[in-house]
Amino acid sequence: MTRISNAALERLRDVAEWPELSNDRYEIVGAVGQGGMGTVFLARDRELEREVALKVLRSAASTPETALRLRREARILARLEHPGIVPVHDVGRLPDGRVYYVMKLVRGVRLDHYARDAVLTDLLRLFLRICETIGFAHAQGVVHRDLKPGNIMVGAFGEVLVLDWGIAKVAVEAVEAVGAVGEAADEADEKTADRRTGGPADETDEDDATKTAPGTILGTPGFMSPEQERGDVDQIDARSDVYSLGAVLRLLVTGAEGQLARLSAPLRPLRAIWRKAMAPIPADRYPSPQALAEDVARYLDAQPVEAYKEPLLEKGRRIVSKYQTPILLVLAYLAMRILFLVTRGM
């Protein structure tokens, strides 16, 4: 019996995963990324003559529950119409039953890679836009739960996109809104499944299929909040994302290696900001991404920040730095006046 090499097996798996679309609108070009549940492919939209990204469930992960999760993710993204969130164009099923959705093709650099050669002030301005995006999602009842530099892209023109909303937590009222919008589509999918299998499709309640069980740990170590690490699902809310934003800010300020040793005096307010955002107790954190962004904006404007009790000497330095030009002009004027008076007296 001839043994199949590992490379050949991998090739066979890739071929099996390759989507076969029942329509002629999308042409698959190649795979661009893979996660635990789905694979993202580069595709060409023949109708609009543009490149798009197509996310499809992996065969091994394709179950009624994961199908509902992927469709739910697409609906959540469709509701979050914001420049910082990737828009969804289409959703459907492959002939083999796997769910897919089509979205804008994101081009850019991961935030942690971009940060290596960027100026801190530019990074802080990008951070403000990340906070704005997450604040918008929170206003729609959506908590991201996996914020990290690897899930944030910076485009060629400075645009910022927050990616990977697959494990987002949605408020009850938002779940109801998403379910109402997609009810007809689900009924159509069930009828299609009936025709394909010759019997009724698996009856899975969307709320049950997408609900996170207590004790489940979702997120990325180093960026997820203590309540996420404990699996306290009921305690996860907007302040959990605030914690993750604080961890992102810490990385941007201290560098990719996360060195927390000595920060110069001008950077101490930033350390106080991320420490407040990353407080172990949610009630001690900023109440929202907007409040966190406001403190960072104060720092950029050389104003005192809420999280930092400023020593008198540092306050003087900050004021001098902020008003350096007018102070120098006044000193130059006084020096000229003194010189004039001294010269006249002689």
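As shown above, the structure is provided for reference.
Per chain, the residues get numbers from 1 upward, laid out in the order the sequence is written. Note on the predicted model: pLDDT of at least 70 is required for a residue's local features to be given, and 80 or more for side-chain atom pairs to be given and counted; whole-chain, interface and lining totals, by contrast, use all residues. The side-chain values count all of the structure's non-hydrogen atoms but skip hydrogen atoms and water molecules.

Enquirer: Which residues make up the overall build of the protein, and what values go with them?
Expert: Looking only at helices and strands, the protein has twelve helices and ten strands in total. Note on classification: 1.4 Å probe, protein chains only; a residue is buried when its accessible area is under 20% of the maximum for its type, exposed when over 50%, partly exposed between these limits. Buried positions account for 41% of the 346 residues belonging to the protein. In this description, contact between two residues means that some pair of their heavy atoms is separated by no more than 4.5 Å. Sequence separation of 24 or more characterises 59% of the internal contacts of the protein that already satisfy a separation of 6 or more. Per-residue accessibility takes into account occlusion by the displayed protein chains alone, with areas from the Shrake-Rupley method and a 1.4 Å probe. By element, 54% of the accessible surface of the protein is carried by carbon and sulfur atoms, the whole surface being about 19500 Å². Going along the chain from the N terminus, every DSSP run of H or I of four or more residues is numbered as a helix, and every run of E of two or more is numbered as a strand.

Enquirer: Requested: an account of the nonpolar core, with residues and values cited.
Expert: Of all hydrophobic cores here, the largest spans 62 residues; its most connected members are Phe 127, Trp 165 and Leu 292. Considering every element that reaches this core, the biggest residue donor is helix α8 (residues 238-254), with nine residues. Residues grouped as a nonpolar core are buried Ala, Val, Leu, Ile, Met, Phe, Trp, Tyr and Cys residues, joined through side-chain atoms within 4.5 Å. By size, the runner-up hydrophobic cluster in this structure holds eleven residues, among which are Leu 21, Leu 54, Tyr 100 and Val 102.

Enquirer: Before we move on, can you summarise the pairing of strand β3 (residues 50-57) with the specific residues and values?
Expert: Within a regular strand, side chains alternate between the sheet's two faces. Across the eight residues of β3, six count as buried, placing the element largely inside the fold. For two strands to be treated as a pair, DSSP must find at least two bridges joining them. Of the strand pairs in this sheet, strand β2 (residues 38-45) and β3 are connected by eight bridges, and their pairing is antiparallel. Opposite Arg 44, over in β3, you have Glu 51 as the bridge partner. With antiparallel pairing between neighbouring strands as the criterion, β2 and β3 make up a hairpin whose turn holds four residues, including Glu 49 at a positive phi of roughly 55 degrees. Pairing analysis gives five bridges linking β3 to strand β5 (residues 99-104), with the strands arranged antiparallel.

Enquirer: Describe the sheet that holds strand β6 (residues 109-110), with residues and values.
Expert: Read from one edge to the other, the open sheet built from three strands follows the order β6-β8-β9, with strand pairing classed as antiparallel. Of all the strands in the sheet, the pair left with one neighbour each is β6 and β9 (160-162). Here β6 runs beside strand β8 (residues 152-154); their pairing, made up of two bridges, is antiparallel. Bridge pairing in β8 links Val 109 to Val 154. Lines fitted to C-alpha atoms define the axes, with helix axes restricted to the stretch in contact, and inter-axis angles between N-to-C directions lie between 0 and 180 degrees. Running at roughly 40 degrees to β9, helix α4 (residues 120-139) makes contact with β8 and β9 of the sheet.

Enquirer: Account for the pairing of strand β4 (residues 88-93), naming residues and giving values.
Expert: By the bridge criterion, five bridges tie β4 to β5 in an arrangement that is antiparallel. Bridge pairing links Val 88 to Met 103 in β5. The turn joining β4 and β5, which pair antiparallel and follow one another in sequence, is formed by five residues; a positive phi near 100 degrees is taken by Gly 97.

Enquirer: Can you explain the pattern of salt bridges? Please cite residues and give values.
Expert: By definition here, a salt bridge exists when the distance from a side-chain nitrogen of Lys or Arg to a carboxyl oxygen of Asp or Glu is within 4 Å. All told, the structure shown has 13 salt bridges when counted by the stated rule. Its salt-bridge partner being Asp 45, residue Arg 50 comes within 3.9 Å of it at the nearest N-O pair. Residue class for Arg 50 comes out partly exposed when judged on its relative accessible area of 32%. Each of Arg 25, Asp 45 and Arg 50 takes part in a single network of salt bridges with overlapping partners.

Enquirer: Give me the lowdown on the sheet that holds β4, citing residues and values where you can.
Expert: In any sheet, the strands associate via hydrogen bonds between backbone groups, in a parallel or an antiparallel arrangement. Pairing is antiparallel across the open sheet formed by five strands, whose spatial order is β1-β2-β3-β5-β4. Here the strands that pair on one side only, and so sit at the sheet edges, are β1 (26-34) and β4. In this sheet, adjacent strand axes meet at a mean angle of 25 degrees when their direction is disregarded.

Enquirer: Describe unusual backbone geometry, listing the residues and the values that go with them.
Expert: Excluding glycine, residues mostly carry a negative phi; peptide bonds, for their part, are mostly trans. In this structure, Arg 145 is a non-glycine residue whose phi angle is positive, near 75 degrees. Tracing the backbone shows Arg 145 in the loop between β7 (142-143) and β8. On the basis of relative accessibility, which here comes to 4%, the residue Arg 145 falls in the buried class. Positive phi, normally seen in glycine, also occurs at Asp 164, with a value near 55 degrees.

Enquirer: An account of the packing of aromatic side chains is requested, with residue identities and associated values reported.
Expert: Stacked, edge-to-face and tilted labels apply to pairs of Phe, Tyr and Trp rings (six-membered ring for Trp) whose centres lie within 6.5 Å, assigned for plane angles under 30 degrees, over 60, and everything in between, in that order. This model, assessed by the stated rule, comprises one aromatic pair. Aromatic side chains Trp 18 and Phe 41 sit 5.7 Å apart centroid to centroid with 70 degrees between the ring planes, which places their arrangement in the edge-to-face category. Here the residue Trp 18 occupies a position in the loop between α1 (6-17) and β1, and Phe 41 occupies one in strand β2, the gap between them amounting to 23 residues. Judged by relative accessible area, which is 36%, Trp 18 ranks as partly exposed. Placement of a charge over a ring requires the Lys NZ or Arg CZ to be within 6 Å of the ring centre, with the centre-to-atom vector within 35 degrees of the ring normal. Above the ring of Tyr 286, the side-chain terminus of Lys 276 is found at 5.2 Å from the ring centroid.

Enquirer: Mind laying out α8, listing which residues take part and the relevant values?
Expert: To estimate how far a helix should reach, multiply one less than its number of residues by 1.5 Å. Taking 1.5 Å of rise per residue, 17 residues should cover 24 Å, and α8 covers 25 Å from first to last C-alpha, within 8% of that figure. Burial within α8 is extensive, with 14 of its 17 residues counted as buried. Positive phi shows up at Gly 255, right after α8, with a value of about 100 degrees.

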